[in-house]
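Listed here are the chains, written in short residue letters.
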Amino acid sequence: MVAIKIRSLEDIVKAYLENFEFNAKKVEQGVQYLITNCQIDHDNVTASLDALLLKKAKKIYPEKVLSNEQKTAMLKLAFVLANGAQEWKVQDLFGSDDNQKLFEKMRANAVVPAPEYVLSNMFPQAIEMPDNLWKKLWGKKRK
Amino acid sequence: MSEGFYKNISPRHVLRRRIKVFGLTILSTFLATIKWMEVIPTDSTLVTHFLMVLLFVLTFGWIALFFWSSMFGFFELLRNRKVPGIHWVSANTKVKTKTALLMPVYNEKPQSVFANLAAMAEELAKTGQGDAFDVFVLSDTTNPKCWVEEERVWLETKKLFPKEVNLYYRRRPINTARKSGNIEDFCKKWGAGYDFMIVLDADSLVNGKTMLTMVQLMEANENAGIIQAPPMCVNQHSLFARMQQFAGKVYGPIVSAGLAYWQVGDSNYWGHNAIIRVNAFMQCCGLPVLSGRKPFGGHILSHDFVEAALIRRGGWSAWLLPELKGSYEECPPTMIDFAVRDRRWCQGNMQHMKVLISKGLHPVSRIHFLIGIMSYLSSPLWLSFLLVGLMIALGREFFPPVYFTESRTLFPTWPVFDKIGTISLFVLSMFMLIFPKFLGLIVYCLKNNKQERKGALKSVLIEIVFSALMAPIMMMFQSKFVLDIFAGRDSGWNTQNRGDCSTSFKQAWQRHKWHMLLGILTTVVVWFYAHELFWWMLPITLGLMLSIPISMITSYESCGRWCRKHNFFVIPEEIKEPKIIERARYFEDVLEAKKQSFSGVLEVISNPIMNALHLVLLPINGPAPEIAKSILDAAQIKLDTFINHGLVPEFSKDEEIALLYDADTLREMHLAMILAK
């Protein structure tokens, strides 16, 4: 893995929140909220924040058969596409309270690349010469 | 022919149509061959005599089939008759089925592809039945920059799409069996959810109403497996492309109508702009890997013909319906691009030699294969025909005829050469080639208004001159392709050049130098040793000698625009542009305006939306291909240098692909980018 230059916890959390297009004020408040209210592993800040987001993503998209990483990414994307940073605060996204309005909006903005699979088979067809073709063509003459 | 196969005609009626076309083809070839046998110089050897007759039968028969098919097509169009045997329905019929529009892509320009889809979706929504359609972009893209761009443009296009039409995207990491494998992959994963699929090409545009009609026809004709809407070439500006577009517009209708006349429900499928019944396709059209080595063995390249034959073998009908207007595509902009595409098609058609004799195929399906094979094989046949003729003439120069043989005779043995007979056969062949073009012009003039007809006659005359000059060049290209294929050389899979771009002297020299030298050499030889053939050979030798300037001049957009200004090769679609083409161009401009400063992996790590989007789409891209860890390590170091020192890295394709499949690195690097800012 590529080395990220050593930064303070605040810097990393701030950078993480900027992803969601929160304004500077909301980012400042969010950083304070996350550092004081949430358990963040100082050695792996991104993973800690992703884990918080995953909890929320699982509640929002319970029916989707997706990997954890994909569910987290889906929530991030939906939040940005829905301009969520203008309507909600960091607490709404990372906190334990469930904001139904947020949930609905995130579901509506979920990016679906393709519908669920409806698996079925398609077998290779036989493309072959007729039986005894050469016999048919030449055999009679030999007789 | 199964019971109830046709809606309103009897199988005997269909048989009568075929007897007319093929009977006249055989009869005219037979009569011309008898004449030809009379005009072959009497001093030629038995072997050359046999070769001349055989080559004549094959090449003349080919022209005769085209001629008679076009003649019947002409009369069908004059009488305004629809293809019989299929049940037509009212345009207002509400459809009850679900159709998928499939757009398979391979390293194409995403903005153009998605713009076309947005225009088609908009048209579908206008029909009021847009909710009966879903659109799938099935990517086989291998270029990492193009891959990321496809993802971004997909997201942008979703915003332009009408709400009732879904736009989906999936990418295959491994392109098994190319386009046919791509479609098969769709069928296996999602096919069961759809009744029909409309297969498109990257440059396809089909009117909403036309697509709806195709679905309505499929619903009303439960026996129909495939309905093909003949595509019309549009949107290109080079002189070469303009001539193709014009030829397609003027001559295309009688060719299509002629084919539909005798093919009826046993038609062919051209690989795109066609609707297919999904369950019939899945039941009958799984393609095997042909035994033996490439180019004859391996995956089937020209899968469309084979799929049509297999679906027909399964008891379903296949229709070519010239009545379906509003189906468009783009033709290659230059002669070289045309030849590159032809190389691929040539290999696909030669591969059909293996399929041609396979069990259970309908005789008409076998004829489709033969026509495909002959459309390429006819070039080396023509070349051989010319060479044998030249050899006879040269032989006479170097081995003068023996007037008095050893056995004593009263009179000398004069070699007989029937000049009048030869000229009449030549005129007949030219007539059969050129006359259908004028029939096409008559239909074109009858069906278009005064403004659209302007310049049509002079365009046809110039087109005939240009096509005569280009024919020997294409003959040389195709002869080489056939030889290459028989020598076991594979064509590979290259993206087709679709944008206008002129041919440089260097490119033209590389491609045509042998054509030019052969033209000069033949002219010199003929001038000195077979002078009587000089003027006969000139249309061929002139085209070859001028191959470089012809290839260059016809590739210029400026020449094409000059022609447009002076009413040469103008098609009605340029005078009154169809709405769908106009909208596609508008959407392309909108999507082009959203291009990012970074591309590929740099875009994914610098743009938060792209970072999240790429991670969401990663599983749909399938499992990562196996790439050595050392490649990923090297790529990560380059990325690190970029983030910390701002040096824009140059990744190899494998490095970029490895990074794009490494979700952890992409997440970390995105954060590092924000921190670095």
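Please read all numbers here as calculations on a predicted model, not as lab measurements.

Student: Which parts of the structure should I look at to understand the overall build of chain A?
Tutor: In terms of helices and strands, chain A carries eight helices and zero strands. Each helix (α) and strand (β) of chain A, taken in turn from the N terminus, gives the series α-α-α-α-α-α-α-α. Carbon and sulfur atoms form 50% of the exposed surface of chain A, whose accessible area is close to 8600 Å².

Student: Explain the overall build of chain B to me, please; I cannot follow it from the model alone.
Tutor: The secondary structure content of chain B amounts to 26 helices and 10 strands. The C-alpha radius of gyration of chain B comes to 28 Å, within 12% of the 26 Å expected for a compact globule of 677 residues. Counting only C-alpha atoms and orienting by the principal axes, one finds that chain B spans roughly 105 × 60 × 55 Å. Looking at chain B as a whole, 58% of its 677 residues are labelled buried. The long-range share in chain B, meaning contacts at least 24 apart out of those at least 6 apart in sequence, stands at 85%. As displayed, chain B offers around 28500 Å² of accessible surface, 63% of which is attributable to carbon and sulfur atoms.

Student: How do you make sense of the sheet that holds strand S5 (residues 205–206) of chain B when you look at a structure like this?
Tutor: Hydrogen bonds between backbone atoms are what pair the strands of a sheet, whose relative direction is either parallel or antiparallel. Residue and element names in this part refer to chain B. The mixed open sheet is built from three strands, whose spatial order is S5-S10-S7. With one partner strand each, in any of the chains shown, S5 and strand S7 (232–233) form the two edges of the open sheet. Examined bridge by bridge, S7 and strand S10 (residues 327–329) share two bridges and lie parallel to one another. Across the sheet, residue Cys233 finds its bridge partner in S10, namely Glu329.

Student: Please clarify how the side chain of A:Gln70 should be interpreted in this entry.
Tutor: Relative to the assigned elements, A:Gln70 resides in helix H4 (residues 68–81). Here A:Gln70 is in contact with B:Leu615, B:Val616 and B:Pro619, once residues within four sequence places are set aside.

Student: Can you help me understand the interface of chain A and chain B in this one?
Tutor: When the parts of a complex come together, some accessible area is lost, and that lost area is often used as the size of the interface. Listed by partner, the interface residues are 44 residues for chain A and 54 residues for chain B. Summed over both sides, the interface between chain A and chain B buries roughly 4400 Å², with carbon and sulfur atoms accounting for 69% of that surface. Our enumeration of links across chain A and chain B arrives at one salt bridge. Between A:Asp50 and B:Arg667 there is a salt bridge, with the nearest N and O atoms lying 3.7 Å from each other. Counting every contact that joins chain A to chain B gives nine residue pairs in polar contact (both at pLDDT 80 or more). Counting only elements with at least two residues in the side of chain A that touches chain B, the list comes to helix H1 (9–18), helix H3 (45–60) and H4 of chain A. For the side of chain A that touches chain B, the per-class residue count stands at 28 nonpolar, six polar and 10 charged.

Student: I would appreciate a short explanation of the packing of aromatic side chains in the present structure.
Tutor: Two measures describe an aromatic ring pair: the distance that separates the ring centres and the angle between the ring planes. Applying the stated criterion across every chain, the model contains 40 aromatic pairs over all chains. Each ring, one from B:Phe67 and one from B:Phe431, has its centre 6.0 Å from the other, and the planes form 50°; the classification is tilted. Of this pair, B:Phe67 sits in helix H2 (residues 46–78) while B:Phe431 is found in helix H13 (residues 419–447), placing the two residues 364 residues apart along the sequence. With a relative accessible area of 6%, B:Phe67 lands in the buried category. According to the relative accessible area criterion, B:Phe431 is partly exposed, its value standing at 40%. Three or more aromatic residues joined by ring pairs make a cluster, and in this case those are A:Tyr117, B:Phe136, B:Tyr168, B:Phe186, B:Trp190 and B:Tyr194. A cation over a ring is seen here: B:Lys82 above B:Trp88, with NZ or CZ 4.3 Å from the ring centre. It is B:Lys458 that lies over the ring of B:Phe568; its NZ or CZ is 4.4 Å from the centre.

Student: Would you mind going over the pattern of salt bridges with me for this structure?
Tutor: In a structure, side chains of opposite charge can pair up when their charged atoms sit close to one another. What the rule picks out here adds up to 35 salt bridges over all chains. Its salt-bridge partner being B:Lys35, residue B:Glu38 comes within 3.6 Å of it at the nearest N-O pair. Here B:Glu38 and its partner B:Lys35 are both found in helix H1 (residues 11–39), three residues apart, which amounts to about one turn of the helix. Under the relative-accessibility criterion, B:Lys35 is labelled partly exposed at 28%. B:Lys188 is paired through a salt bridge with B:Glu184; the nearest N and O atoms lie 3.2 Å apart. Taken together, the residues span about one helical turn, with B:Lys188 and B:Glu184 both in helix H5 (residues 178–190) at a distance of four residues. Using a relative accessible area of 32% as the deciding quantity, one classes B:Lys188 as partly exposed. One network of salt bridges, in which partners are shared, links A:Asp50, A:Lys76, B:Asp664 and B:Arg667.

Student: Before we go on, may I ask you to explain the domain arrangement of chain B in this structure?
Tutor: Each domain of chain B was delimited in the assignment, giving domain 1 (1–87 + 206–213 + 221–400 + 417–502 + 556–595) and domain 2 (601–676). Using C-alpha coordinates to define each centre, domain 1 of chain B is positioned 46 Å away from domain 2 of chain B.

Student: Can you help me understand the environment of B:Lys20 in this one?
Tutor: All names here are of chain B. By the secondary structure assignment, Lys20 is in helix H1. Taking the C-alpha atoms as reference, Lys20 lies 45 Å from Thr503; in sequence the two are 483 residues apart. Sequence-distant contacts of Lys20, defined by excluding residues within four places in its chain, comprise Phe72 and Tyr261.

Student: When you look at the pairing of strand S3 (residues 166–171) of chain B in this model, what are you seeing that I'm missing?
Tutor: Residues in a regular strand point their side chains to alternate faces of the sheet. Residues and elements named next belong to chain B. With five of its six residues buried, S3 lies for the most part within the structure. Two elements, strand S2 (residues 133–139) and S3, share six bridges in a ladder whose sense is parallel. Paired with Val137 across the bridge in S3 is Tyr169. Once you follow S2 into helix H4 (residues 144–160) and on to S3, the crossover reads as right-handed.

Student: Please clarify how helix H21 (residues 579–592) of chain B should be interpreted in this entry.
Tutor: A turn of α-helix holds 3.6 residues, and therefore any two residues three or four places apart point the same way. All names here are of chain B. Look at H21: 20 Å from first C-alpha to last across 14 residues, which is about the 20 Å you get at 1.5 Å a residue. Buried residues of H21: Ile580, Ile581, Ala584, Phe587, Glu588 and Leu591, and no others. Within H21, the buried residues cover an arc of 125° as seen down the axis, which keeps them to one side. The elements touched by buried residues of H21 are helix H3 (110–126), H4, S5 and S10.

Student: For this particular structure, what's the right way to read the state of the cysteines?
Tutor: Note on terminology: disulfide describes a covalent bond linking the sulfur atoms of two cysteines. Considering all chains together, one arrives at zero disulfides over all chains under this definition. Its sulfur unpaired, B:Cys285 is 5.6 Å from the next cysteine sulfur, which belongs to B:Cys284.

Student: Hey, could you run me through a positive patch on the surface in this one?
Tutor: Residues and elements named next belong to chain B. Judged by side-chain charge, Lys450, Arg453, Lys454 and Lys458 come together as a positively charged surface patch. Locating Lys454 in the fold gives a position in the loop between helix H14 (450–453) and helix H15 (456–486). Residue Lys454 is classed as exposed on the basis of its relative accessible area of 52%.

Student: What am I meant to see in the packing of H13(B) against H15(B) here?
Tutor: When two helices pack together, their arrangement is given by the angle between the helix axes and the distance between those axes. All names here are of chain B. At a closest axis distance of 11 Å, the pairing of H13 and H15 adopts a crossing angle of 155°. The orientation of H13 with respect to H15, classified from their angle, is roughly antiparallel. Here the hand of the crossing between H13 and H15 comes out right-handed. In this structure, H13 uses Ile434, Lys437, Phe438, Leu441 and Tyr444 to contact H15, whose residues at the interface are Ala456, Leu457, Val460, Leu461, Glu463, Ile464 and Ser467. Residues of the contact of H13 with H15, tallied by class, amount to nine nonpolar, one polar and two charged.

Here is what the cut-offs are and how they apply
- Every residue gets a number counted from 1 within its own chain, in the order that chain's sequence is written.
- The order in which chains are written sets their letters, starting at A; the order in which ligands are written sets their numbers, starting at 1.
- Residues qualify for local features only when their pLDDT is at least 70, as the model is predicted, and side-chain atom pairs are given and counted only at 80 or more; totals for whole chains, interfaces and linings, by contrast, use all residues.
- Side-chain measures here rest on the full set of heavy atoms in the structure, leaving out hydrogens and waters.
- Starting at the N terminus, helices and strands are each numbered in turn, a helix being any DSSP run of H or I of at least four residues and a strand any DSSP run of E of at least two.
- Areas reported as accessible are Shrake-Rupley estimates using a 1.4 Å probe. Residue values count occlusion only from the protein chains shown.
- Note on method: radius of gyration uses C-alpha positions; expected globular size equals 2.2 Å times residues raised to 0.38.
- The rule is simple: take the accessible area with a 1.4 Å probe, protein chains only, and divide by the maximum for that residue type; under 20% is buried, over 50% is exposed, in between is partly exposed.
- The contact rule is simple, with two residues in contact once any of their heavy atoms fall within 4.5 Å.
- Only strands joined by at least two bridges in the DSSP assignment are considered to pair.
- Values labelled buried area give the accessible surface lost by two parts on being combined, using a 1.4 Å probe and summing over both.
- Salt bridge, as used here: a side-chain nitrogen of Lys or Arg that lies within 4 Å of a carboxyl oxygen of Asp or Glu.
- In protein, a polar contact means a hydrogen-donor-capable atom and an acceptor-capable atom, both N or O and within 3.5 Å, with residues adjacent in sequence counting only if both atoms are side-chain atoms; elsewhere, any N or O pair within 3.5 Å suffices.
- Residue polarity follows a fixed list, in which Ala, Val, Leu, Ile, Met, Phe, Trp, Tyr, Cys and Pro are nonpolar, Asp, Glu, Lys and Arg are charged, and the others, Gly among them, are polar.
- For Phe, Tyr and Trp, rings pair up if their centres lie within 6.5 Å, where Trp contributes its six-membered ring, and each pair is then called stacked (planes under 30 degrees apart), edge-to-face (over 60) or tilted (otherwise).
- Geometrically, a lysine NZ or arginine CZ counts as sitting over a ring once it is within 6 Å of the ring centre and also within 35 degrees of the ring normal.
- For the purposes of this description, domain bounds are those given by an automatic or database domain assignment.
- Convention used here: a crossover is right-handed provided that the path from the first strand, over the helix, to the second strand proceeds clockwise when the strands point away from the viewer.
- To estimate how far a helix should reach, multiply one less than its number of residues by 1.5 Å.
- This arc is taken over the directions from the axis of the helix to the C-beta atoms.
- Disulfides are defined as pairs of cysteine sulfur atoms found within 2.5 Å of each other.
- Like-charged residues are merged into a patch within 9 Å and nonpolar side chains (Val, Leu, Ile, Met, Phe, Trp, Tyr) within 5 Å, provided each residue has over 30% relative accessible area and no salt bridge.
- Note on charges: Lys and Arg go in the positive column, Asp and Glu in the negative column, and His and the chain ends are not counted at all.
- Note on charges: their place is set at NZ of Lys, CZ of Arg, CG of Asp or CD of Glu.
- Helix axes use the C-alpha atoms of the stretch in contact, all axes being lines fitted to C-alpha atoms, and the angles between their N-to-C directions lie in the range 0 to 180 degrees.
- Relative orientations are named as follows: roughly parallel for angles under 35 degrees, roughly antiparallel for angles over 145 degrees, roughly perpendicular for angles from 65 to 115 degrees, and oblique for any other angle.
- For a crossing to be left-handed, the near helix must be turned anticlockwise from the far one by less than a right angle; the clockwise case is right-handed.

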